[in-house]
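Structural description and commentary
Now for the letters of each chain:
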Amino acid sequence: MVRYLVTSALPYANGPIHFGHVVGAYLPADVYVRTLRMHGEEVLYVCGADEHGVAITIGAERENRPYAEYVAHWRGVIKSTFDRLGIRFDVWSGTSISPNHAELSQDFFRRLDIGGYLLQREEEQLYCTTDARFLADRYIAGTCPNCGYPEARGDECPRCAKWLNPLDFADPRCKVCGSTPEKRKTRHWYLDLPKLRDEKLGEWAAAHEWKPNVATFVANQLKEVEPRPITRDMHWGVPVPEDRARGESGKVLYVWFDAPIGYVSFTRDWAEAHGAPDDWQKWWRSPDTRLVHFIGKDNIPFHCVVFPSMLWGVKQDYVLPWQVPANEFYNLEGRKFSTSQGWYVDLDEFFARYDADTARFYLLSSSPETKDSDFNWKDFQSANNVLLADTIGNLASRVLKFLEKYYEGKIPAVSAEHAAEFDRILLTECGAFADPGAALLDFRFRRGTEDLASNARVANVFVDRVAPWSLRKTDPERAGAALATCCEWLALLAQWMAPILPGKAQRLWTMLGNLGEVGEQRWPQLPVAGAWRRNLSGQRIGQVDVLFPKIEDAVIAAEIDALHKRAAATS
RNA sequence: GGCGGUGUAGCUCAGCUGGUUAGAGCGUCGGAAUCAUAAUCCGUAGGUCGGGGGUUCGAAUCCCUCCACCGCUACCA
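Conventions we followed
- Residues numbered from 1 in each chain as written.
- Chains lettered and ligands numbered in written order.
- Predicted model: local features only at pLDDT ≥ 70, side-chain atom pairs only at ≥ 80, totals over all residues.
- Heavy atoms only, no water.
- Helix = DSSP H or I, 4+ residues; strand = E, 2+ residues; numbered from the N terminus.
- Buried < 20%, exposed > 50% of the residue type's maximum accessible area, 1.4 Å probe, protein only.
- Contact = heavy atoms within 4.5 Å.
- Areas by Shrake-Rupley, 256 points an atom, 1.4 Å probe, with all protein chains shown as cover.
- Lys, Arg positive; Asp, Glu negative; His and termini not counted.
- Charge placed at Lys NZ, Arg CZ, Asp CG, Glu CD.
- Pairing = 2+ DSSP bridges.
- Phe/Tyr/Trp six-rings, centres within 6.5 Å; stacked < 30°, edge-to-face > 60°.
- Lys NZ or Arg CZ within 6 Å of the ring centre and 35° of its normal.
- Axes fitted to C-alpha atoms, helices over the stretch in contact; angles between N-to-C directions.
- Parallel < 35°, antiparallel > 145°, perpendicular 65-115°, else oblique.
- Left-handed = near helix turned anticlockwise from the far one by under 90°.
- Nonpolar A, V, L, I, M, F, W, Y, C, P; charged D, E, K, R; others polar.

Further remarks concern the overall build of chain A. When you go through chain A residue by residue, the secondary structure sums to 19 helices and 17 strands. C-alpha extents for chain A along the principal axes are approximately 95 × 55 × 40 Å. Per-residue burial over chain A gives 56% buried out of 571 residues. Sequence separation of 24 or more characterises 77% of the internal contacts of chain A that already satisfy a separation of 6 or more. Carbon and sulfur atoms make up 48% of the accessible area of chain A, which amounts to about 24,400 Å² in all. Considering chain A, the positive charge centre built from 67 side chains and the negative charge centre built from 76 side chains are found 2 Å apart.

Moving on: the sheet that holds strand β6 (residues 140–142). In spatial order, the strands read β7-β6-β8; together these three strands make up an open sheet with antiparallel pairing. Either end of the sheet is taken by a strand with one partner, and the two such strands are β7 (152–153) and β8 (173–174). Across two bridges, β6 lies against β8 in antiparallel orientation. Pairing of A141 across the sheet is with R173, part of β8.

For any pair of aromatic rings, the description consists of the separation of the ring centres together with the inter-plane angle of the planes. The final tally for this structure, using the stated rule, is 44 aromatic pairs. A centroid spacing of 6.5 Å and a plane angle of 40° characterise the contact between Y254 and W256, whose relative ring orientation is tilted. Here Y254 falls in the partly exposed class, since its relative accessible area comes to 23%. Aromatic side chains W489 and W496 sit 5.5 Å apart centroid to centroid with 80° between the ring planes, which places their arrangement in the edge-to-face category. Across this residue pair, the class does not change: W489 and W496 are buried. Joined through ring pairs, the aromatic side chains of F19, F350, F351, Y354, Y362, F375, W377 and F380 make up one cluster. Positioned over the ring face of W312 is K315, at 4.8 Å from the centre of the ring.

Here we take up the packing of helix α17 (residues 476–497) against helix α18 (residues 502–511). Two packed helices can be described by the angle between their axes and the distance between those axes. It is the contact of α17 with α18, at a shortest axis distance of 8 Å, that shows an interaxial angle of 160°. With respect to α18, the axis of α17 lies roughly antiparallel. In this structure, α17 meets α18 at a crossing whose hand is left-handed. In this structure, α17 contributes L490, A491, A494, Q495 and M497 to the contact, and α18 contributes P502, K504, A505, L508 and W509. Its residues placed into classes, the contact of α17 with α18 shows eight nonpolar, one polar and one charged.

Don't take any of this as a statement about function, it's just geometry.
As structure tokens, then:
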């Protein structure tokens with residue numbers, strides 16, 4: 001039987017995450033996982049922080065904190081954002097704390113080496129004697145040999161956009177301490193991607209059915225792959241295994257190499273925590289597993305080429321990715337999110353004022369599935385007020401308040417005759433409805449949010465058409481049956497809402513007088529006349545309250561104003 | 001430079017392998033209704049589907065080219 005192993009890109013423990021990260025790799029994954037579970041599928045959702053790499057050591061040193069403490073801090077901050085958004089992983093760990101991670105990463109290295117997929121090369125790099133470390137390209141400044149710009153970065157000149165080699169700088173400078181680095185020779189291991197491609201990956205990737213935006217990209221990547229360095233001279237990270245070090249010391253695995261292995265090591269952590277240490281194998285080494293990586297587009301090469309190469313190259317029967325839903329980028333009001341430039345949404349303030357479910361809904365409804373898109377405050381307000389409050393929330397209010405007022409808060413009976421009549425009207429004469437789950441399982445999250453609104457609209461049309469407020473005076477039984485039909489529909493709506501709006505779905509569920517968790521319901525089939533009602537008649541409804549409060553214009557205006565003021569203040 | 005993406009009604013976007021009068025939501029305007037969070041429902045608005053060329057009986061949908069915007073180019077989605 002098929003099972004789904006879902007991962008979200010490991011967030012780098014070097015700062016807070018913003019809505020761009022959330023909408024790119026985490027929220028859609030969470031919604032996907034919830035949807036799968038309601039469909040009765042077996043799912044494991046894995047994530048954790050990526051905690052190695054130079055950027056982290058520099059960040060920590062700037063703050064004068066031990067590396068471990070520094071990454072623990074950001075690991076916690078990031079996790080709390082996920083918690084507030086209702087993004088629930090089955091495992092959340094970190095590459096520096098996972099008890100399995102170092103050993104497993106070394107195991108990958110060892111097996112790749114033994115298999116002949118690693119190369120060793122000697123090269124010159126710039127070494128900062130003050131900081132006692134080799135410098136990554138981006139931490140070197142100098143005068144651009146191409147255009148003479150004095151503040152060029154080691155990887156690229158910001159003025160002439162020329163791709164640079166920092167060894168070509170006449171006046172290299174360490175961007176961290178300002179001193180002049182010296183050239184030193186060092187030996188490093190490289191992953192032989194061309195060989196891996198020729199033996200397996202090329203064929204696999206060509207045969208694989210990628211999403212359209214990923215397919216061409218992968219094909220091009222494979223054409224041009226080159227061996228890629230997988231070690232670095234530093235002390236923060238997973239050490240190169242001694243038995244393969246060949247006399248080299250002071251080297252760790254490059255962060256990109258160990259990071260994706262985190263998916264596997266965290267799964268092992270999870271298995272051990274559940275008292276079944278071998279369980280991870282079922283997820284990673286069974287052909288029945290569908291491995292789904294949620295990532296942003298910048299991660300496509302890793303997840304479609306590099307990591308699969310590693311997984312295959314160790315010859316341990318690891319599964320290769322089944323789908324890699326990659327999103328484009330998400331901006332804020334037309335500009336890139338940038339903490340340093342004050343162009344961001346403070347998530348603590350955000351969640352103090354707004355509902356997490358509303359955020360989930362809006363983020364998905366505006367998510368960058370086919371092209372870059374924006375978080376836009378006015379659109380956020382509109383999504384809440386128009387789609388959630390007016391269309392969905394008000395539907396619940398108008399129906400349930402009516403029942404409270406005239407039917408003693410009980411869902412009325414429906415005769416077979418009335419059921420047939422109202423099924424016909426609701427299902428064939430009130431507009432189109434769709435199964436949002438189908439869209440969600442197809443990674444079309446935007447579409448899923450649209451379906452939700454459309455489905456609520458169908459019931460609004462139904463209410464208007466049947467007009468129970470006047471019918472009640474002439475035929476209260478029929479009016480009651482119409483309202484009961486609406487309750488049945490609301491119960492469906494609550495289930496449809498559950499993956500995207502888990503909290504609100506649950507409230508609607510209990511408002512209808514249902515017990516238990518809506519998220520634990522079996523995903524409903526698309527309603528068919530005569531076979532879709534749960535038969536809620538006689539059930540006492542719960543307390544009816546406003547499902548989605550509106551957001552006032554002034555509140556949004558203040559947000560936009562604050563954003564611009566903050567940006568102006570930092571520039 | 002290389003590679004990729006996008007350009008459809010005021011706004012945000014759907015339109016798979018080409019086929020009757022190009023669609024939805026929001027907004028606008030008019031009307032109906034009054035159960036409801038002044039919510040809902042109905043109708044309306046006429047966009048040369050970025051420009052040009054080509055293939056075809058027929059293209060928003062395929063090909064070429066040009067323009068514009070965006071991204072990636074491999075350690076922060």
